[in-house]
Amino acid sequence: MYGLARPLLFRLDAEHAHELALKALDTAWRAGLNPLLASRPKPLPTTVMGLAFPNPVGLAAGLDKNGACIDALAALGFGFVEIGTTTPRPQAGNPKPRMFRLPEHEAVINRLGFNNEGVDALVRNVEASKLRRVGGDTILGINIGKNKDTPNEQAAADYLHCLGRVYALADYVTVNISSPNTAGLRELQEEKALRALVSEIFDARERLATRHGRRVPVLVKIAPDLTEDDIDASARVLGELNVDGVIVSNTTVDRLAIDGHPLAKEQGGLSGKPLYGKSTAVLRRMRSRLPAHIPLVGVGGILSGADAAGKMTAGAQLVQFYTGLIYRGPALIGECVQALRHRRDGVRG
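Bear in mind that the values here come from a model prediction, so they are computed numbers and not experimental data.

1. Regarding the overall build of the chain
- Along the backbone of the chain there are 12 helices and 13 strands.
- Taken over C-alpha atoms, the radius of gyration comes to 19 Å for the chain, in line with the 20 Å a tight globule of 349 residues would show.
- In the chain, which comprises 349 residues, the share counted as buried stands at 60%.
- In the chain, the share of contacts with a sequence separation of at least 24, taken over all contacts with a separation of at least 6, comes to 74%.
- Surface exposure of the chain reaches about 14400 Å², of which carbon and sulfur atoms provide 54%.
- Computed over 43 positive and 36 negative side-chain charges, the separation of the two mean positions in the chain equals 5 Å.

2. Observations concerning empty space enclosed by the protein
- Counted by the stated rule, this structure contains 1 cavity of 30 Å³ or more.
- By volume, the largest cavity is sized at about 460 Å³.
- Around the largest cavity, the lining is made up of 34 residues, and of these Ala61, Asn110, Asn250, Thr251 and Tyr322 lie nearest the centre.
- Among the elements of the structure, β4 (80-86), β6 (107-110), β11 (269-272), β13 (318-321) and α11 (323-328) are those that each provide at least two residues to the lining of the largest cavity.
- Its residues assigned to classes, the lining of the largest cavity shows 13 nonpolar, 19 polar and 2 charged.

3. Remarks on the pairing of strand β12 (residues 296-299)
- Burial along β12 is two-sided: the face carrying Leu296 and Gly298 and the face carrying Val297 and Val299 are both buried.
- With 3 bridges connecting them, β12 and β13 associate as parallel partners. Residue pairing in the sheet places Gly298 in a bridge with Val319 of β13.

4. Observations regarding helix α10 (residues 305-313)
- When you tally the buried positions in α10, you get 7 out of 9 residues, the bulk of the element.
- Among the residues making up α10, those that are buried are Gly305, Asp307, Ala308, Ala309, Gly310, Lys311 and Met312.
- Residue Gly315 follows α10 closely and has a positive phi angle near 125 degrees.

Reading the values: the criteria
- Residues numbered from 1 in each chain as written.
- Predicted model: local features only at pLDDT ≥ 70, side-chain atom pairs only at ≥ 80, totals over all residues.
- Heavy atoms only, no water.
- Helix = DSSP H or I, 4+ residues; strand = E, 2+ residues; numbered from the N terminus.
- Rg over C-alpha atoms; globule rule 2.2 N^0.38 Å.
- Buried < 20%, exposed > 50% of the residue type's maximum accessible area, 1.4 Å probe, protein only.
- Contact = heavy atoms within 4.5 Å.
- Areas by Shrake-Rupley, 256 points an atom, 1.4 Å probe, with all protein chains shown as cover.
- Lys, Arg positive; Asp, Glu negative; His and termini not counted.
- Charge placed at Lys NZ, Arg CZ, Asp CG, Glu CD.
- 1 Å grid on protein atoms, 1.4 Å probe; cavity = no way out; pocket = protein on both sides within 12 Å on 5 of 7 lines; lining within 4 Å.
- Points joined across faces, edges and corners; volume = space filled by probe spheres on them.
- Nonpolar A, V, L, I, M, F, W, Y, C, P; charged D, E, K, R; others polar.
- Pairing = 2+ DSSP bridges.

Next up, the structure:
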């Protein structure tokens, strides 16, 4: 069915198509038509961070920023769905147009800028979702960030506010310090700033764990544009602080892979196929530098089952995609699960 819809969606502005596709997906789910979009893959149970994932293939943050379509997305067969990025206050994001498809490269450039309705709206949506009300096996991650007009010196307050609001609803929380579309955000990845921010967030998490009677894993999402020294510093800090996991990676500002394309000069983060090599290289380097008990989530450029398996070979325990869903549709979920099943069977054999 997605094969029929894609040519129509690709005739629309990328952001408009994004919004329309989400609404159509939610409508299809409410009408019980999800089997026409995707058949749920056979379970591939995976335990990471103490969480039981029905399979290790997840939806990356950014598609459902406000958590408005959690149930419909979970019904496609993802083992976990990550919503957000959410911020303390609503914000419109950057001026439009701010999202561009590059079909020749199976890529997207976006400079959305954490456009969302604010964390209170996200909380209402999550509370109303079937997944949270009746309990479901799909794991829910919530990605948190800071408002654009919050200076970095006060960023911790934004992250702590969001953490406190979503803690009771999330299976895990992701700290997003790596989007290229909020000015200065990536500076929070610098060693001193990273240590201070993550330490404060983890201290708050321990207080919340005592209050709520459960310890929610907190992951940190990093950029693919880190230098070797940056990777060393990040791994040192995240390892010493014993983070629950690291997501590698966000989008890239590097344009080498699409050099010469008419849209190459558009500002924003590049995702999709051109990101695969860069993000996987950083994933491999982080795996070699982090303690073995800290799990990694491989993201960036997954457009086939082989790509998902490649992330696992590079050191990931879980994988996510978003742009791949735009180009391949829901069938990519089952393809990735099957590829990882074959890989696991091969390793065991």
